[in-house]
Amino acid sequence: MASPNNSNYCGGKAEGLKLLKEHKLPVPDFMVISNNEVHNVLETPEEMAKLYMKIKERFGCTKLAIRSSADKEDGQSKSYAGFFSTVLNVPIRKDKIYQAMKEVYESANRSVSNPIKMNIVIQIMVKPRISGVCFSDSFDERGQKICLISFVKGLANKLVDGRTTATNVFYKIKNNKIKICKRCLIKMSLEGFYAYRDNKRSQ
C-alpha cells in the first residue's frame, strides 16, 4: 500500500478500499482517478471521452458513486468524514459523470488551511441495509481508547451530513486489539434485519 509520502498515494479512502480488496473482503468494484488525471479529464474533452468509455466497459449500465479521496482524508490524524463531496446514484452518462466529478473535485476548495489534492473513487452504487462510519481511534467519556462504529439504516450520506442520528456501537481496545462484544454484534445484526424487513414491507 502507498503511504501519504508516496507519489502514488491517492488518499485514505482509496487506499482503504484497496486494502479491503487485498484481504478478499466483498468490496463493490471501483476505480481510482488520481488528482492529475482528474484535472486532465475535467479540462480536456478527449480525456473525458476516454474515461467514459473505460467506465462504461468496466461497470456496464449500473449507477455509480463518485467519491472523494483527498490526500488528507481518512488519515491517521483526521478523518474529514462528510467534509468533502460524494455524489450518489450517478447514471452512466458522460455529462452526469462529468458534473459529479467536477463537484467532488471542487469540494477540495472547502479547506482553507492547507492545499488539498483531490483524487476520486468511482465505484458501483449499492443499496445497503445498514451503513456507517468506523472510527478506529476514538475515546469514550472516561478517556479510554475505543473503536466507534456509527451506523444508520440505508445509505450513510444522511449520517455524515448530519441529517439523522446514528446508532453507536463501541468496541474496547486492549493491547491494540479490538475486543468484540457479542451484545454489540447482535445489536447491529438486529438493526440490519429491521432495515431489511421494513424495506421489504415498503415494496
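So, a few notes on the structure that sits alongside this text. It should be emphasised that the depicted structure is a prediction, and the values quoted were computed from it without experimental measurement.

A few words on the overall build of the protein. Helix and strand counts for the protein stand at 6 helices and 8 strands. Reading the helices (α) and strands (β) of the protein from amino to carboxyl end gives α-β-α-α-β-β-α-β-β-β-α-β-β-α. Here the protein holds 203 residues, and 37% of them are scored as buried. Nonlocal contacts in the protein, meaning residues at least 24 apart in sequence, comprise 59% of its contacts between residues at least 6 apart.

Right, let's talk about the packing of aromatic side chains for a bit. Inspection of every chain in the model, using the stated rule, returns 0 aromatic pairs. When the ring centre of Phe30 is taken as origin, the NZ or CZ atom of Lys21, which lies over that ring, is 5.5 Å away.

Before going further, it helps to spend a moment on the pattern of salt bridges. Taken as a whole and judged by the stated rule, the model has 6 salt bridges. Close ionic contact of Asp29 with Arg58 constitutes a salt bridge, the shortest N to O distance being 2.9 Å. A residue pair is termed long-range when its members are at least 10 positions apart, and Asp29 in the loop between helix H1 (12-22) and strand E1 (30-33) and Arg58 in helix H3 (residues 45-59) qualify at 29 residues. Three or more residues joined by partner-sharing salt bridges are found here, namely Lys21, Asp29 and Arg58.

Criteria and thresholds
- Residues numbered from 1 in each chain as written.
- Predicted model: local features only at pLDDT ≥ 70, side-chain atom pairs only at ≥ 80, totals over all residues.
- Heavy atoms only, no water.
- Helix = DSSP H or I, 4+ residues; strand = E, 2+ residues; numbered from the N terminus.
- Buried < 20%, exposed > 50% of the residue type's maximum accessible area, 1.4 Å probe, protein only.
- Contact = heavy atoms within 4.5 Å.
- Phe/Tyr/Trp six-rings, centres within 6.5 Å; stacked < 30°, edge-to-face > 60°.
- Lys NZ or Arg CZ within 6 Å of the ring centre and 35° of its normal.
- Salt bridge = Lys/Arg side-chain N within 4 Å of Asp/Glu carboxyl O.

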